[in-house]
Amino acid sequence: MSNRFWMIVVGLLACVQGRAQHWLGISSSNYAGTNALFLNPAHAADSRHKLYINLVGNDIFLANNYIRWAAPYSMFGIMTNTVPKKYRSERGAIVWKEEYYQERLNGERKHLHAGGDLRGPSLLYSFNNNRFAIGLTSRGRYAMSLTDVTEETARVIRFGTDNKDLQSKDFRNQQAQLNTNGFLEMGMTLGAVVADYDEHFLKVGATVKRLVGVYNVHADVRNTDHRIAVESLNREREFIIVQNLDATYGYTTGAAFDNIGLSPKFLFGKASAGGSWGADLGVVYEYRPEFNEYTRKVPKRGKEPDPNKNKYKFRVSAAITDIGRLNYKNLNYTREIDVQRARDEFSYSEFNMANTTPLAVAAVNRSLSVNPDDAPQAFKVGLPTAANISFDYHYKGPWYVNAIWVQGLRGKNYMNIRPQSVLAVTPRYETRWIEVSAPVSLYDNYRAVAVGLAARIGPIIVGTDHFTGLFGIGKPQGADFYFGLFAPIFHRKPKEAIKCWFPPYEKLLKRKR
């Protein structure tokens, strides 16, 4: 059987989280616009922009503790199709070899997190002398997590069932948890300045989010014993003998994904597979010892804070994000099954043509002789709730240093989208039109070190929180890349006072007098 087959079977049940996208190089910037709201909604108020329009942005990421990338070319080369000719076939296809993936075998449980964050049209508007702001955001979020995987099962997923070293061996007490999710998010953010006492400045913010679930596949394999066997009449065909299976698996049907739309009934009604509401809450304090240096003269009003300038020596931010859960309760699209079996088989003929998720799920159901349509069940998925604290220090001029701590608050329930805890320090050079930053982080729940690089040039953002992984430096176990395109509109300078003007005939009368 192919690697794909075993990945599907094992991932769904027989051996048988996504992380929050941080954009560390940009999200703490004073010019991040709507991208800062996902970290802390309080950043909306007192913005450097009068109007910020996000056109599009996306983030893709991968992190694991099992496979190291050891290819002679980088993931960036694959993404940009710049892999050298010597690593391509005669037809120009990129050559992949088994030795390009190096196992990390230490007896520990394995995990894999992958996914992305598509940031759609969004805007942030400041008003009432920059003391208040409103933001409207849209996102498509997708994530896959394979966690708590016993090492023997991880090797089967890696090599497939046609690896002779794994055949005819008993795999006992195997476990794994799988959770994949795709959902839409629409948010409305309100930010306000609540205290401005010269040196001390405080603002708060909140985001209310509409969540629309469109895709889910999950599995919790609590215990399984199985063996990979080979057919006696055809040695090219393997099958899996499951000697004991205790698991739960569920999914949304293919129709749930096919019927995606933008109608009010789909976004706010009951036409989607699932939906609910979520929230983000945040607060920001700024210490401004030289606040008098950041004022401007305004006709008829005198001096006022200049909305185009940063005024703090240091800034402390705190927020809780992604409060809530997705409720998949449309029984037309949701299925969940509990399985306790003493013996079953997964044959080659059932899975040979199962090259899509719906076909693979159908093959699993036939192999287990279950019909989930007889008793559809709803399920809930917890959002990647996290708390974050950030400290931003203004060294001098355009130079800043930021420290951030993001701590996931979700437990080990496999149905939760588990946030990835991160600790990072980011020096940055920041001006209105140009910004460069280099985050250094402990990521993957503080297990690994990464160095990133990000830039904002005019209306374009490009960056990575894992530079070495993206460019294949060393033997990385993860990669990350994000980009954005936006339209910034800054606060206008105050107009000069209008001098008195008299029509020519009035001027003549004045002279006669």
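Above this text sits the structure in question.
A.B. asks: Help me understand the side chain of R141, please; the structure alone is not making it clear to me.
C.D. replies: Mapped onto the elements of the fold, R141 is located in strand β6 (residues 132-149). A residue is classified by how much of its surface remains accessible, and R141, at 6% relative accessible area, is buried. At 2.8 Å, the side chain of R141 and the side chain of E185 are in polar contact.

A.B. asks: What exactly am I supposed to notice about the pattern of salt bridges here?
C.D. replies: Any two side chains of opposite charge can pair, on the condition that their charged atoms come close. All chains considered together, the criterion is met by 29 salt bridges. With a closest N to O distance of 3.8 Å, D170 and R172 form a salt bridge. With a relative accessible area of 36%, D170 lands in the partly exposed category. With a relative accessible area of 45%, R172 lands in the partly exposed category. Put simply, K209 and D280 hold a salt bridge, and the shortest N to O gap is 3.1 Å. Of the two residues, K209 is situated in strand β8 (residues 200-230) and D280 in strand β10 (residues 274-287); the sequence distance between them amounts to 71 residues. Judged by its relative accessible area of 2%, K209 is buried. The buried category is assigned to D280, whose relative accessible area is 3%. Connected through salt bridges with shared partners, the residues D117, R119, R139, R141, E185, K209, D280 and D322 form a single ionic network.

A.B. asks: Got a minute to help me understand unusual backbone geometry in this structure?
C.D. replies: Negative phi characterises most residues that are not glycine, and trans characterises most peptide bonds. The phi angle at N130 is positive, at roughly 70 degrees, despite the residue not being glycine. Its location among the elements puts N130 in the loop between β5 (122-127) and β6. Phi angles above zero are rare outside glycine, and D198 is one such case at about 60 degrees.

What counts, and at which threshold
Numbering of residues starts from 1 in each chain and follows the order in which that chain's sequence is written. Where local features are concerned, this predicted model is filtered to residues with pLDDT of at least 70; where side-chain atom pairs are given and counted, the filter is 80 or more; whole-chain, interface and lining totals use all residues. To get the side-chain values, all heavy atoms of the structure are used, and hydrogens and water are removed first. A run of H or I in DSSP becomes a helix once it reaches four residues, and a run of E becomes a strand once it reaches two; helices and strands are each numbered from the N terminus. Summary of the burial criterion: residues with accessible area below 20% of their type's maximum are buried, those above 50% are exposed, and those between are partly exposed, where the area comes from a 1.4 Å probe applied to protein chains only. Polar contact is defined as a pair of N or O atoms within 3.5 Å, subject to the rule that within protein one atom must be able to donate a hydrogen and the other to accept it, and that residues adjacent in sequence are counted only when both atoms are side-chain atoms. Salt bridge, as used here: a side-chain nitrogen of Lys or Arg that lies within 4 Å of a carboxyl oxygen of Asp or Glu.

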